[in-house]
Amino acid sequence: MLLLRHAFGRLTRAQAAEVGRASPADLRVGRWFRWVWLAGFAVVLAWFVVFVLPVVVSVLGWAAGRFVLGPLDPAFWYALLCVALLLGPYVLAAGLAVREHVRR
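Throughout, residues of each chain are indexed from 1 in the direction in which the sequence is written. At least 70 in pLDDT is required for a residue's local features to be given in this predicted model, at least 80 for side-chain atom pairs to be given and counted, and no such filter applies to totals for whole chains, interfaces and linings, which use all residues. Computation of side-chain values covers all heavy atoms of the structure but excludes hydrogens and water.

(A) Inspection of helix H4 (residues 74–103) at higher detail. Counting from the N terminus, the helices are the DSSP runs of H or I reaching at least four residues and the strands are the DSSP runs of E reaching at least two. To estimate how far a helix should extend, the number of its residues minus one is multiplied by 1.5 Å. Between its terminal C-alpha atoms H4 stretches 40 Å, which fits the 44 Å expected from 30 residues at 1.5 Å a residue. Note that bend, as reported per residue, equals the angle between axes fitted to the 7 residues terminating at that residue and the 7 residues originating from it. Remark: the principal bend of H4, roughly 50°, maps to Leu87, with a proline, Pro89, within the next four residues. Relative accessibility decides the category of a residue: with a 1.4 Å probe and only protein chains considered, values under 20% of the type maximum give buried, values over 50% give exposed, and everything between is partly exposed. The complete set of buried residues in H4 reads Phe76, Ala79, Val83 and Leu87. Against helix H3 (24–67) lie the buried residues of H4. Polar contacts here mean pairs of N or O atoms no more than 3.5 Å apart (in protein, one a potential hydrogen donor and the other a potential acceptor; neighbouring residues in sequence count only if both atoms are side-chain atoms). Capping the start of H4 is the job of one residue whose side-chain oxygen sits 2.8 Å from the backbone nitrogen of Ala75: Asp73. By the convention used here, residues are in contact when the closest approach between their heavy atoms is within 4.5 Å.

(B) How the structure looks around the packing of aromatic side chains. Here a pair means two rings of Phe, Tyr or Trp (six-membered ring of Trp) with centres within 6.5 Å. Their orientation is stacked below 30 degrees between planes, edge-to-face above 60, and tilted elsewhere. In the structure shown here, the tally under the stated rule is 7 aromatic pairs. Measuring from ring centre to ring centre gives 6.1 Å for Trp32 and Phe33, while their planes differ by 85°; the resulting arrangement is edge-to-face. Classification of Phe33 by relative accessible area gives partly exposed; the value is 42%. Ring geometry for Phe67 versus Phe76: centroids 5.5 Å apart, planes at 65°, classification edge-to-face. Its relative accessible area of 29% is what places Phe67 among the partly exposed residues.

(C) Here's a closer look at the environment of Gly61. Assignment of secondary structure puts Gly61 in helix H3. A C-alpha to C-alpha distance of 18 Å links Gly61 and Val91, two positions 30 residues apart in sequence.

(D) Representation of the pattern of salt bridges in the model. What counts as a salt bridge is simple: a side-chain nitrogen of Lys or Arg found within 4 Å of a carboxyl oxygen of Asp or Glu. Applying the stated criterion across every chain, the model contains 2 salt bridges. Across the salt bridge formed by Glu100 and Arg103, the nearest N and O atoms sit 4.0 Å from each other. Here Arg103 and Glu100 lie together in helix H4, a separation of 3 residues that amounts to about one turn. In this structure, Glu100 engages Arg104 in a salt bridge whose closest nitrogen and oxygen atoms are separated by 3.8 Å.

(E) Fine view of the nonpolar core. Put simply, buried Ala, Val, Leu, Ile, Met, Phe, Trp, Tyr and Cys residues joined by side-chain atoms within 4.5 Å make one nonpolar core. Membership of the largest hydrophobic core is limited to 6 residues, which are Val52, Val56, Ala63, Ala79, Val83 and Leu87. Where this core is concerned, the elements lending two or more residues are H3 and H4.

(F) Spatial organisation of H3. Maximum bend of H3: about 40°, positioned at Val52, with proline Pro54 one to four residues after it. Looking at the buried side of H3, the elements it contacts are helix H1 (2–7), helix H2 (13–21) and H4.

(G) The arrangement of the side chain of Arg34 in detail. Along the polypeptide, Arg34 turns up in helix H3. One buried charge, Arg34, has no salt-bridge partner; the nearest side chain with opposite charge is Asp26, at 14 Å. Within the structure, the side chain of Arg34 is placed 3.2 Å from the backbone oxygen of Arg31, a separation counted as a polar contact. With near-sequence residues (within four places) excluded, Arg34 lies in contact with Leu3, Leu4 and Ala7. Charge counting treats Lys and Arg as positive and Asp and Glu as negative, with His and both chain ends excluded.

Printed below as a string of C-alpha cells:
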C-alpha cells in the first residue's frame, strides 16, 4: 500500500521512511504488486456496480411497495426479512469499515 501511495505522491514522511527501510525484495515485489492490487480493486468495484447494485435497487423497489402496507400485513414482514437478509452483510461490512476508520 505504501508503494501505491508513493506512486500517487501521497506518502507522509513517516511512510517514506518506512519505505526507505524496506528490503530490496519487498520493493521489487511491491512495484508490480501495487498495480495488481489496484486492478483487482477496480474489478471488484465494477462487479459491485454491475451485479450487486441492480439487485439491491430492484429489491428495495419491490420492498417499498410492501412497506406501505404497514406492519399488520404479513407482506410487510416478509419484505423486511428479505431486505435484512440481502443488505445485512453489506451494512455490517460498511459499519465495521467505518468503525475501524474512526478507531484509527
